[in-house]
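Residue-level listing of the chains:
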Amino acid sequence: MIRIFKLKNIISIKDFERKDIDYILDEAAKLENIAKSKETCDELKGKILGLMFFEPSTRTKLSFETAMKRLSGECIGFENSGSSSVSKGESIADTAKMFEGYSDALVIRHELEGVSKFISDIVDVPVINAGDGAGQHPTQTLLDLYTIKKEIGKIDDLKIALIGDLKFGRTVHSLSNALCLYNNVKIYLVSPKKLKMPQEVLHDLDKTNINYEEVESIEEIIDDVDVLYVTRIQKERFGDINDYLKIKGAYIVNKKMLEGKNAIVMHPLPRIDEIDGDVDDTKYNKYFNQAFNAVPVRMAILKTLIKNNPK
Amino acid sequence: MIRIFKLKNIISIKDFERKDIDYILDEAAKLENIAKSKETCDELKGKILGLMFFEPSTRTKLSFETAMKRLSGECIGFENSGSSSVSKGESIADTAKMFEGYSDALVIRHELEGVSKFISDIVDVPVINAGDGAGQHPTQTLLDLYTIKKEIGKIDDLKIALIGDLKFGRTVHSLSNALCLYNNVKIYLVSPKKLKMPQEVLHDLDKTNINYEEVESIEEIIDDVDVLYVTRIQKERFGDINDYLKIKGAYIVNKKMLEGKNAIVMHPLPRIDEIDGDVDDTKYNKYFNQAFNAVPVRMAILKTLIKNNPK
Amino acid sequence: MIRIFKLKNIISIKDFERKDIDYILDEAAKLENIAKSKETCDELKGKILGLMFFEPSTRTKLSFETAMKRLSGECIGFENSGSSSVSKGESIADTAKMFEGYSDALVIRHELEGVSKFISDIVDVPVINAGDGAGQHPTQTLLDLYTIKKEIGKIDDLKIALIGDLKFGRTVHSLSNALCLYNNVKIYLVSPKKLKMPQEVLHDLDKTNINYEEVESIEEIIDDVDVLYVTRIQKERFGDINDYLKIKGAYIVNKKMLEGKNAIVMHPLPRIDEIDGDVDDTKYNKYFNQAFNAVPVRMAILKTLIKNNPK
């Protein structure tokens, strides 16, 4: 049998070719009925997923657990390093070697960039990066792409606005990289001057054919886009609270500005107030679907990696 | 097939008719062998229960987990809001929508009355109230009734003393409401003046035919009752510690006062010192059985709600 | 059927005869393929293990969970008493009675010696001591013995050095007791004067035929031993940090001192710096294998106790 999906570890979306992404999205679609609890399966019965969450992340952790359990697999792990051996002074390498012995795959969340890569170099089981610092969060990007494709029917030929904190938000970094693999996509980068997309990411975009434009308010692009991908602006990023209060309004999406438009609204969640509650009950709201899509997409990833790389 | 049990959510025992309670108690009896690990079953294989415990509650959480796992189901969740997205400022509604996507039913514990009801209004999966503030704790009441019925053979025609903190104790509020559905029951309300049953609950009782009487010591009723339902009196409820020390003794059950009597002793647990340890090894002790009964009763609830309300 | 393994509870390694240890080691060997995820089994399907960890212990807890889940069983429990009913003032006895009702076996970790024994006296399900204070940690000893037997082929006729903090380290106490059951074993007790093996343990050794010798540095014994069992020396044990710094070097194992030798290096983990990282990639390193061996050995224990003692 030819193995289509060749990656052993999911560290960065930059390691993906378009066909790798397509493979995961197709697998996810096939697993939706199980994710929705309409069918059951024993795909990963007897398998164990090791969750090493050095920083807490409810949503990511719960969706990986749900994905594993819908496939009849099991989970072990910790949710913050305070309650683990790490607090006794153990090195991350030793902790990872222990988890390698107990698990069929590892999911790593850490506040420092590069930790997942480091662990993938010293263990034999597949490693999934569930967010490392301001670095990558590739499985979030996969579920974002899955949501776009499912809701609009394609990813090629779309105009997508990334809104909010583009400087520190790792989800928009990963998503920008991934969109470069698609045809005729235009990205609007919508952020305050202080929180613009980092030069490194812009350099990545420049190396491809992708069309992008930096703007400073949602108003400028709302008539032209297919997707509004909203992220949170943390007021702590501004030295002076008045600077924050002055610009805040330009990055809040509400029902009124959406009326008559075709755009869908997405958000990696949790949200605070950057999407007004009045959007929740409209057809524009796709962020709750997006939250659910974490399950079939992570099921596809777990199934693929564990089946392709038996211990 | 006619569905006998019509409730989709378990929010308050006041939503129950007697036939609803009887249905759950009968189902629980059928599931006892599985609860006791004498048989296994796959009733909820592939299903996931979401546990949203905004305040900790070891006993309630563990028994729900046990119930789900004895039915071959799985659990996800958090045990206090500190480690959840809630601590990042996410609304309860958004957290609940996430859990709805991942789970087949939700169990909610919160320090504020009404949170379970609120969540049941915005999600499509069944919601179970596992205690909200000084409000209701309906599944505790169902297991209390199950224990009475199992130990004495009936609930009708009994004399039941509710003892201790009747003001703040939600278990005695729920239980009082439920007992009104039975015939010829007499309730003794045994508490210090400061911790008497609230007027609202007494009004509920007045609207029915139930017979009740307020007294101030166990001594007055010990010869006449079938059930002593003991709860804890927290000394913090008394401004002056001396007030507490003066009355404390009247609300402690011990072996000596039980000798020659027919009453059974129950307690929702955890207990501190309101039941003397010398009762543990007597026939009067039914509080450990009662703790176990949480499992078959919660199994009956989970099975019924999840089977009746597929996603 | 004759039941070979007669113990109902695993409290102290001193309760074991040699045939009991051999039985568990043989069972563990048979379960290795399942532990390694090469096969699946349903041995403990529907069974629940109660984990009462009054103090945290990542490694022990995760390996018990892994063991239970590889056998298709489930776990419930808590990881520190702060989040349990214990924090509401409940007695350990009441907490244990609750767990007895929900579980098929209990694993206890507590900072006080004797707690596991106490609980085993008041519940009907099997109880496993997962470390109590400076007392025993019998399942660690079983996996240590399993590792020695697997790596060297036997336990009889070996020379084994126990190194580091022999005063407070419970793993070396349990292991010393167990080695007395084997033939022609010599133990080297390698520690600073301040952290020598306690008199009680030496008295235990004196009662048997075992040969032992107390020395103060690894150098003295490195040419003569088959096993270096290294443990951590906590600098807090020394009043004066300079006393610690002076002796520290004599208890660190590195690659250079091992070259040309036949010894294997073991460690209960977590390690800090008492085994140099340069040993990790050598043939001497057996501590990562030892960490993995926790799984098949604890599987053997759980399977044996739960199958032998149905509820």
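Each value, and the rule that gives it
Residues numbered from 1 in each chain as written. Chains lettered and ligands numbered in written order. Predicted model: local features only at pLDDT ≥ 70, side-chain atom pairs only at ≥ 80, totals over all residues. Heavy atoms only, no water. Least-squares fit on C-alpha atoms with pLDDT ≥ 70 in both. Contact = heavy atoms within 4.5 Å. Domains from an automatic or database assignment. Buried area = accessible area lost by both parts, 1.4 Å probe. Salt bridge = Lys/Arg side-chain N within 4 Å of Asp/Glu carboxyl O. Polar contact = N/O pair within 3.5 Å; in protein donor to acceptor, adjacent residues only side chain to side chain. Helix = DSSP H or I, 4+ residues; strand = E, 2+ residues; numbered from the N terminus. Buried < 20%, exposed > 50% of the residue type's maximum accessible area, 1.4 Å probe, protein only. Pairing = 2+ DSSP bridges. Right-handed = clockwise from strand over helix to strand, strands pointing away.

**Observations concerning the relation of the copies chain C and chain B**
Then comes step 1: The operation relating chain C to chain B is a screw motion whose rotation component is 120 degrees, with 0.0 Å of axial translation and a residual RMSD of 0.0 Å. Classification of the inter-copy transformation places it as that of a three-fold axis. Rotation axis and chain C: the residue whose C-alpha lies nearest the axis is Glu74(C), separated from it by 5.3 Å.
Then comes step 2: Interface overlap between copies is the fraction of interface residues in one copy that are interface residues in the other; for chain C against chain B it is only 4%, indicating separate surfaces.

**Brief notes about the domain arrangement of chain A**
Residues and elements named next belong to chain A.
Then comes step 1: Structurally, chain A comprises domain 1 (13–136 + 292–308) and domain 2 (138–290).
Then comes step 2: Measuring from the centre of the C-alpha atoms in domain 1 to the corresponding centre in domain 2 gives 26 Å.
Then comes step 3: Taken together, the 33 residues of domain 1 in the interface contact 29 residues of domain 2.
Then comes step 4: Looking only at domain 1, the three residues that lose the most surface to domain 2 are Ile13, Arg18 and Asn293, adding up to 26% of its buried area.
Then comes step 5: Here domain 1 is connected to domain 2 by five salt bridges.
Then comes step 6: A salt bridge links aspartate 26 to lysine 149; the shortest N-O distance between them is 3.9 Å.
Then comes step 7: One can count 15 residue pairs in polar contact (both at pLDDT 80 or more) joining domain 1 with domain 2.
Then comes step 8: Within the residue set of the side of domain 1 that touches domain 2, elements represented by two or more residues are helix 1 (18–35), helix 2 (58–70), strand 4 (127–132) and helix 10 (287–308).
Then comes step 9: Top contributing element to the side of domain 1 that touches domain 2 by residue count: helix 1, with nine residues.

**Describing the pairing of strand 2 (residues 74–78) of chain C**
All names here are of chain C.
Then comes step 1: With four of its five residues buried, strand 2 lies for the most part within the structure.
Then comes step 2: Strand direction decides the pairing type here: strand 1 (residues 48–53) and strand 2, joined by five bridges, are parallel. The partner of leucine 51 across the bridge, within strand 2, is glycine 77.
Then comes step 3: In this region the chain leaves strand 1, passes through helix 2 (residues 58–70) and returns to the parallel neighbour strand 2; the handedness of that crossover is right-handed.

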